[in-house]
Amino acid sequence: MSNDLKQSNMNSQELVFTNNVGAAIDAVVDRLKPNNIFVLVDTNTATFVLPRLQQQSRAVAEAKIITTKAGDIHKNLESTQAIWRTLGEEGATRHSLMINVGGGVVTDMGAFAAATFKRGIQFINVPTTLLGAVDASVGGKTGINFGNLKNEIGVFREADTVVLSTLYFNTLNTEELSSGYAEMLKHALLSDAASFDSLLSKHVEDFDSEELLQLLEASVLIKKKIVDADPTEKGLRKSLNLGHTAGHAFESLALERKSPIPHGYAVAYGLITELVLSHMKLQFPSSQLHRLAAYIKNVYGAFDFTCDDYPRLISLMRHDKKNLSVSEINFTLLREVGDVQINCVIAEEDIKAALDITRDLLGI
Ligand SMILES: NC(=O)c1ccc[n+]([C@@H]2O[C@H](COP(=O)([O-])OP(=O)(O)OC[C@H]3O[C@@H](n4cnc5c(N)ncnc54)[C@H](O)[C@@H]3O)[C@@H](O)[C@H]2O)c1
Ligand SMILES: [Zn+2]
């Protein structure tokens, strides 16, 4: 890890990487001295994580528990209202603390509820999924879905502290782990070849929890460095969209076919398409493209699509909310690993060619 990445750790919110989660939470509580504490869990983390955390942390053992329904369809206003109501009824004040224990749904919604309750109370995120740890818990984007639109309502607000561990990942299934790992592949591609090599060396389940914690730390610090430089997504933060213009189109197509694929799987396929475009437009090395494609084919399998799907995929890319207008399709591309070019406008013919090559690489 280079020094400048380590130093980004000192800005704004504190990131604590440890498998001694209870002690880390108790230290934050001792520093903040809240007058009472609320722990938000969902119905799964209530079962799989909370009992362990109550044994590990004195503060969590004594806290009031708020349980919300699991799943992104419940990351909504109704659930948020229920959280606000409980906070009010149970005597939360401006000096209360909320501890969000869960995946991206719990950290996004819990952070939003905390950031808006009485104009904002302090909160800690304790991500319990790999996707949540590597992506959702850091960066200050909080919010809920509204009116069929993802993350439509929210605020930028950073947690006081994010406690990142790999302790609770052992109850996640392979699909959930691989989904989070795709965002780690993205971060490595944005950063440096050594990180990329480490990730391609094994399958996520083959790392032990300490090795995974080290990889997680490196990955989160890559995101944090980018976010600290551009917190409200005026420029550099767009580099985090790598893999996501094509990825969101694959994800939406799968949803339309009523056979949804996990977000990270869509991003994995999207990374292939966007590295093909990077090769076509910016001479990204084909050797790195082939290594990534082989790894993804092996771990994530293939997403089945034909040239009949191209018009729909391109229409979905055109309506991606990251574009400035529907007349342009905007990508984040790479010249090589760690050398990023944002705002690349690509013509439809080139996207179709890249989709052809994606299918070849996935063997479909
Ligand atoms: N704020 C951001 O920058 C950002 C970035 C990426 C994603 N997100 C959001 O994150 C959400 C997706 O995150 P996610 O994949 O973590 O979803 P999630 O929170 O729904 O978690 C996935 C599933 O795993 C369960 N779970 C959580 N921890 C567990 C554990 N340790 N053991 C067993 N089961 C466990 C959850 O209950 C859920 O059923 C989406 O709402 C997305 O919009 C936000
Ligand atoms: Zn993503």
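Per chain, the residues get numbers from 1 upward, laid out in the order the sequence is written. Think of it this way: whatever chain is written first is A, whatever ligand is written first is 1, and the rest follow in order. With pLDDT at 70 or above as the cut-off, local features in this predicted model cover only qualifying residues; side-chain atom pairs require 80 or more to be listed or tallied, and sums for whole chains, interfaces and linings still use all residues.

A. Representation of the pairing of strand β8 (residues 161-164). Each residue is classed by its C-beta neighbour count within 10 Å, where at least 20 other C-beta atoms makes it buried, 12 or fewer makes it exposed, and intermediate counts make it partly exposed; the C-beta atoms are placed from backbone geometry. Every helix listed is a DSSP run of H or I at least four residues long, and every strand listed is a run of E at least two residues long, numbered separately from the N terminus. Residues Thr161 and Val163 point to one face of β8 and Val162 and Leu164 to the other, with burial holding for every one of them. Two strands pair if DSSP finds at least two bridges between them. Of the strand pairs in this sheet, strand β1 (residues 14-17) and β8 are connected by four bridges, and their pairing is parallel. Directly across from Val16, in β8, lies its bridge partner Val163. The sheet contact formed by strand β5 (residues 122-127) and β8 spans two bridges and is parallel. Paired with Ile124 across the strands is Thr161, a residue of β8.

B. Spatial organisation of the site of ligand 1. Near residues are defined by distance alone, with the backbone-placed C-beta atom required to lie within 6 Å of the molecule or strand. Lining the immediate environment of ligand 1, one finds 29 residues, of which Asn44, Gly103, Gly104, Val105 and Ala136 sit closest. Where the shell around ligand 1 is concerned, the elements lending two or more residues are α3 (43-48), α7 (104-116), α8 (130-136) and β7 (149-153). Its residues placed into classes, the shell around ligand 1 shows nine nonpolar, 12 polar and eight charged. Three classes are used: nonpolar for Ala, Val, Leu, Ile, Met, Phe, Trp, Tyr, Cys and Pro, charged for Asp, Glu, Lys and Arg, and polar for all others, with Gly counted as polar.

C. Summary view of the packing of helix α13 (residues 263-282) against helix α14 (residues 286-300). Where helices are involved, their axes are fitted lines through C-alpha atoms of the stretch in contact, as for all axes, and angles between N-to-C directions lie from 0 to 180°. Remark: α13 packs on α14, axes separated minimally by 10 Å, with the N-to-C direction vectors making an angle of 160 degrees. Judged by the inter-axis angle, α13 sits roughly antiparallel to α14. For the pair α13 and α14, the sense of crossing is left-handed. Only Ser286, Leu289, Leu292, Ala293, Ile296 and Tyr300 of α14 make contact with α13, whose side of the interface consists of Tyr265, Ala268, Leu271, Ile272, Leu275, Val276 and His279. Of the residues belonging to the contact of α13 with α14, the class tally is 11 nonpolar, two polar and no charged. For classification, angles of less than 35 degrees are called roughly parallel, those exceeding 145 degrees roughly antiparallel, those between 65 and 115 degrees roughly perpendicular, and all remaining angles oblique. Handedness of a crossing is defined here by the sense of rotation of the near helix relative to the far one, left-handed for an anticlockwise turn of less than a right angle and right-handed for a clockwise turn. Once C-beta atoms have been placed from the backbone, residue pairs whose C-beta atoms lie within 7 Å are recorded as contacts.

D. Highlighting the environment of Val162. Locating Val162 in the fold gives a position in strand β8. Setting aside residues up to four positions removed in sequence, Val162 forms contacts with Gln13, Leu15, Asn125, Ser137 and Val138.

E. Here's a closer look at the nonpolar core. As used here, a nonpolar core is made of buried Ala, Val, Leu, Ile, Met, Phe, Trp, Tyr and Cys residues. They are joined through C-beta atoms within 7 Å. Among the nonpolar cores identified, the biggest contains 110 residues, and Ile25, Ile99 and Val101 are the most heavily contacted of them. Domains are outlined according to an automatic or database domain assignment. When residues are assigned to domains, this core turns out to be shared by domain 1 (3-172) and domain 2 (236-362), each giving three or more. Residue contacts for Val101: discarding those within four places in its chain leaves Val39, Leu40, Val41, Thr45, Val49, Leu50, Leu53, Val106, Val126 and Thr128.

F. Quick look at the pairing of strand β10 (residues 339-345). As paired strands, strand β9 (residues 330-336) and β10 are joined by five bridges and run antiparallel to one another. Of the residues in β10, the one forming a bridge with Leu333 is Gln341.

G. Spotlight on α7. If you check α7, its first and last C-alpha atoms are 18 Å apart, about what 13 residues at 1.5 Å a residue would give, namely 18 Å. The buried count for α7 comes to 12 of 13 residues, which makes it a mostly enclosed element. Residues of α7 that are buried: Gly104, Val105, Val106, Thr107, Asp108, Met109, Gly110, Ala111, Phe112, Ala113, Ala114 and Ala115. One or two positions beyond α7, positive phi appears at Lys118, with a value near 50 degrees. The span expected for a helix works out to 1.5 Å for each residue beyond the first.

H. Region of interest: the sheet that holds β1. Pairing is parallel across the open sheet formed by six strands, whose spatial order is β1-β8-β5-β4-β2-β3. At either margin of the open sheet sits one strand with a lone partner, and together these are β1 and β3 (64-68). Strand-to-strand twist of the sheet, defined as the mean angle between neighbouring strand axes without regard to direction, takes the value 20 degrees. Here helix α11 (residues 209-229) sits on the sheet and contacts β1 and β8; the angle it forms with β1, its principal contact strand, is near 165 degrees.

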